[in-house]
Amino acid sequence: MEKMMKEYIEEAEQALLHTYNRYQVVLDKGEGVYLYDIEGKKYLDFCAGIAVFALGYANKKYNDALKAQIDKVIHTSNYYYNVPAIEAAKKLKKVSGMDRVFFTNSGAEAVEGAIKAARKYAYLKDGRTDHEIIAMEHSFHGRTMGALSVTGNPKYREAFEPMIGNIRFARLNDFDSVLSQVTERTCAVILETVQGEGGIFPAKERFLQQVKELCEEKDILLILDEIQCGMGRTGFMYAWQKYGIKPDIMATAKALGCGVPVGAFLMTEEVAARSLTSGDHGTTYGGNPLAAAAINIVLDLFEENHIIDNVKETGVYLEEKLDSLVSRFDFIRERRGLGLMQGLVFDRPVGDIITAALERGLILINAGADIIRFVPPLIITKEHVDEMMAILTDCMAI
Ligand SMILES: *Cc1c(COP(=O)(O)O)cnc(C)c1O
């Protein structure tokens with residue numbers, strides 16, 4: 001007889017480093033917005049591998065494009081050019097309005113590159129090596145040392161101190177708190193346009209505009225981390241496009257490859273001309289033909305399938321449904337979010353609700369102990385929202 005989930009989980013806990021308290025399922029395959037575990041149980045997926053699998057599972061065109069690239073060549077290194085990476089960079093420039101692209105293997109690495117670019121830009125201006133970066137409380141930028149240094153959650157950082165130096169923290173949507181951290185050594189402000197892990201906090205339009213003005217006035221670089229909120233999730237390709245501002249440097253990842261590990265940091269021509277140059281930065285895998293093929297087919301399918309239109313429409317519907325829960329249940333405080341990136345804020349931990357939902361065939365995740373996060377595949381329909389709502393409402397009684 002085939003091994004059951006319980007046996008696999010025991011094996012996993014013998015072999016894998018225990019850095020996650022995983023849910024007790026072993027996932028096997030996917031189809032559209034559904035996942036199946038190895039015992040054949042079906043789950044409606046409102047997590048999408050943490051805002052990654054925007055196009056849904058087992059998308060034939062996506063899979064065929066990757067298979068075709070695998071049969072040609074998977075990796076060549078960045079010592080040579082490859083056509084998929086050239087095409088991907090051109091497409092990414094077009095959808096973002098940014099000018100220069102550096103491909104990475106993950107979100108955290110995109111943030112690392114963004115930090116290096118900002119420091120180099122400031123170094124070339126004044127030759128100093130003590131520049132400061134302003135980051136936000138409750139932010140999340142990744143687990144590598146640089147990205148962790150700008151992550152505004154002491155819980156993630158403490159055991160790994162010292163971090164990279166000269167990071168100052170301000171509060172999202174509190175412009176005075178940003179202003180009070182500015183010094184003559186400030187080289188960058190980094191923030192998520194919509195904070196994800198920290199609890200789904202969208203930046204306010206006025207705040208972003210004020211930060212942007214400040215940055216322009218003082219020649220400080222604005223770095224926007226669009227790793228979670230980017231790629232159409234808010235109803236805009238990149239969330240900042242909603243606000244009429246533009247970053248100097250931007251980080252993207254998660255849905256960029258829809259599962260193939262890839263990220264990128266992008267910058268304007270002005271920053272590119274005065275920051276990283278030959279020999280300053282590199283990566284063995286970044287932008288390899290397979291990863292780039294994933295970006296190409298993802299961006300093609302976004303256009304072909306009108307993904308952003310769907311997010312706009314279904315996002316409003318999801319908001320309405322979640323708002324109805326806020327009205328109905330006293331223990332739900334509020335809903336926050338944009339498009340298909342939503343958080344439902346409870347007055348208590350949500351772990352039990354998430355576990356109950358999983359048992360009933362619905363995959364949800366949290367963002368902090370008291371918040372259920374909704375980051376489904378971007379192809380979901382109103383029917384899927386209704387299906388999710390029925391299960392979630394059923395779990396409220398527990
Ligand atoms: C997930 C995430 C990261 C880190 O990305 P990894 O690919 O896990 O390294 C950074 N910033 C934000 C906003 C994220 O959501």
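Before reading on, note that the structure itself is shown above.
The following paragraphs examine the structure supplied in this document.

The rules behind the values
- Residues numbered from 1 in each chain as written.
- Predicted model: local features only at pLDDT ≥ 70, side-chain atom pairs only at ≥ 80, totals over all residues.
- Heavy atoms only, no water.
- Helix = DSSP H or I, 4+ residues; strand = E, 2+ residues; numbered from the N terminus.
- Buried < 20%, exposed > 50% of the residue type's maximum accessible area, 1.4 Å probe, protein only.
- Contact = heavy atoms within 4.5 Å.
- Pairing = 2+ DSSP bridges.
- Axes fitted to C-alpha atoms, helices over the stretch in contact; angles between N-to-C directions.
- Parallel < 35°, antiparallel > 145°, perpendicular 65-115°, else oblique.
- Left-handed = near helix turned anticlockwise from the far one by under 90°.
- Nonpolar A, V, L, I, M, F, W, Y, C, P; charged D, E, K, R; others polar.

### Here we look at the environment of Glu-112
- Its place among the elements puts Glu-112 in helix H5 (residues 107-126).
- Exposure remark for Glu-112: the relative accessible area of 22% places this residue in the partly exposed category.
- Between the alpha carbons of Glu-112 and Ile-220 there is a distance of 17 Å; along the sequence they are 108 residues apart.
- With residues up to four places along the chain from it excluded, the contact list for Glu-112 reads Thr-144, Met-145, Gly-146 and Ala-147.

### What to know about the pairing of strand S12 (residues 263-267)
- Taken across its 5 residues, S12 has 5 buried, putting it largely inside the fold.
- By the alternation rule, side chains of S12 split into Gly-263, Phe-265 and Met-267 and Ala-264 and Leu-266, which are all buried.
- Bridge count between strand S4 (residues 100-104) and S12: 5 bridges; the pairing is antiparallel. Paired with Phe-102 across the strands is Phe-265, a residue of S12.
- Pairing of strand S11 (residues 249-252) with S12 involves 4 bridges; the strand directions are antiparallel.

### Observations concerning the packing of helix H4 (residues 83-96) against helix H11 (residues 289-304)
- Contact geometry of H4 with H11 gives a least axis separation of 8 Å together with a crossing angle of 40 degrees. Our classification of the angle between H4 and H11 gives oblique. Judged by the twist between their axes, the crossing of H4 over H11 is left-handed. Of the residues in H11, those in contact with Pro-84, Ala-85, Glu-87, Ala-88, Lys-91, Leu-92 and Val-95 of H4 are Pro-289, Ala-292, Ala-293, Ile-295, Asn-296, Leu-299 and Asp-300.
- Within the contact of H4 with H11, the residues separate by chemical class into 10 nonpolar, 1 polar and 3 charged.

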